[in-house]
Amino acid sequence: MAAVLELVAGSYEQITFGYQVKTDEKEWTAKAEFTHHAHTASVSAVAASERFVVTGSKDETIQVYDMKKRIEHGALLHHDGTITCLEFYGTSHLLSGGEDGLLCVWSTKKWECLKSIKAHKGHVTSLSVHPSGKLVLSVGTDKTLRTWNLINGRSAFIKNIKQNAHIVRWSPDGDRYVVVMNDKVNIYELETATVTGTVANPKRIASVKFLNNSILAVAGDDETVRLCDVEKAKWVCEFKAHETRVKTVDSVNVDDYSVVVTASNDGFIKMWKIHLKEELESPTLLGEVNTSARLTCLAVRRTSPMQQQIAEEEAPQATTSEDLLPELLRTKRVRIATEEVVLEEESKPKKKKKKNSGK
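The rules behind each value
Residues numbered from 1 in each chain as written. Predicted model: local features only at pLDDT ≥ 70, side-chain atom pairs only at ≥ 80, totals over all residues. Heavy atoms only, no water. Phe/Tyr/Trp six-rings, centres within 6.5 Å; stacked < 30°, edge-to-face > 60°. Helix = DSSP H or I, 4+ residues; strand = E, 2+ residues; numbered from the N terminus. Buried < 20%, exposed > 50% of the residue type's maximum accessible area, 1.4 Å probe, protein only. UniProt positions renumbered as here; feature names shortened; annotations may be inferred. Disulfide = S-S within 2.5 Å. Pairing = 2+ DSSP bridges. Axes fitted to C-alpha atoms, helices over the stretch in contact; angles between N-to-C directions.

1. Remarks on the packing of aromatic side chains
(1) Moving on: This structure, assessed with the given rule, holds four aromatic pairs.
(2) Moving on: Both rings, one in Phe52 and one in Trp111, keep their centres 5.1 Å apart while their planes meet at 85°; by these two values the pair is edge-to-face. Here Phe52 is found in strand E5 (residues 52-57), whereas its partner Trp111 is found in the loop between strand E10 (102-107) and strand E11 (113-118), with 59 residues between them in sequence. Trp111 shares its class with Phe52; the two are buried.
(3) Moving on: Centre to centre, the rings of Trp170 and Tyr177 are 5.1 Å apart; their planes meet at 70°, and the pair counts as edge-to-face. Tyr177 matches Trp170 in its accessibility class, with the two residues each being buried.
(4) Moving on: Here the aromatic cluster, defined as three or more aromatic residues joined through ring pairs, consists of Trp170, Tyr177 and Tyr188.

2. Focus: the UniProt feature "repeat: WD" (unreviewed entry) in the protein
(1) Moving on: Taking the UniProt record as the reference, the feature "repeat: WD" (unreviewed entry) is found at residues 36-68, 76-116, 117-158 and 239-282.
(2) Moving on: As annotated, residues 36-68 has a helix share of 0% and a strand share of 55%, and its two end C-alpha atoms lie 16 Å apart.

3. As for the state of the cysteines
Disulfides are covalent bonds that link the sulfur atoms of two cysteine residues.
(1) Moving on: Scanning all chains against the criterion turns up zero disulfides.
(2) Moving on: Counting only cysteine sulfurs, Cys113 is the nearest neighbor of Cys104, a cysteine outside any disulfide, at a range of 4.3 Å.
(3) Moving on: Classification of Cys104 by relative accessible area gives buried; the value is 0%.

4. Some details on the sheet that holds strand E18 (residues 184-189)
Adjacent strands of a sheet pair through backbone hydrogen bonds, lying either parallel or antiparallel.
(1) Moving on: Strand order in the open sheet formed by four strands is E16-E17-E18-E19, and the pairing between neighbours is antiparallel. The sheet is open, and its two edges are formed by strand E16 (167-170) and strand E19 (195-200), each paired on a single side. In this sheet, adjacent strand axes meet at a mean angle of 20° when their direction is disregarded.
(2) Moving on: In this sheet, strand E17 (residues 176-181) lies alongside E16 in antiparallel orientation, the contact comprising four bridges. By the bridge assignment for E17, Trp170 is matched with Tyr177.

Below is the structure:
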């Protein structure tokens, strides 16, 4: 049976786009499934689980969508600052990081904040959950790499690094992890917690994704995606993915190959087929879709054919990005205006609270 994929992308224009991918033909096509304007600032992070999709924004909120019921579930309002990273652990928990330095653990059952950890003195720039669910790595603007014990919510290890890292990722088997600083990828082994190799990208790195335990896809501030063998710490393949810089990369394994999905500032989302053999060949383009928006983040969901059938029966007709764009530009001005009003209203009670606490 053909794989059922959904693409979810966030944009500078505050819109979240959802596409359903038809994979049973030679050229894959992405059909607009939903467009949602729940945020009042640009979308900065997105994550997807089997049931839920979550988006984080510069408006300090996390929006939750129930993809099973096809409804907006509500907003999570714990962070004070831009949401910088979101990651699901299985179907049970969501982890979020923000410019407030907090690392939060949420239960997806009742959407309660189970733990709120002051993880970094500056911003949390990235986080990654170990496949066991017991550890999480985080990096921030305080030039530290921190390991957290999720069982007790305490710091297990702090490593001072020379620069601010902006990406950290575990390998699928959890035996190694990578830390990205500007244009460099440092490869660590879990056993020794030391750097076993480093690769340098020609441009600043925007996004990375493990395709398997040894191959890492790296997207930088140019149109090229490069594949790195982390065991040998060397580049093994590269391909031109877009006409302008690649903002984000994600992947999902289908049958005997990997589907790498890239999104760019040019508004295009592209799907690439890569056979993960010993000798890597350049990928083939499976399909693409033009969102007509400046994309910021991306997530790929794999769903069951039954879920897709239910979604097709229940989901309202999505607006195409071309239809939405003129309306988007009008709505954007209104949204910004209301955001300013809300901030003014919220600042008054905050001042009162300070007065009361000082008495």
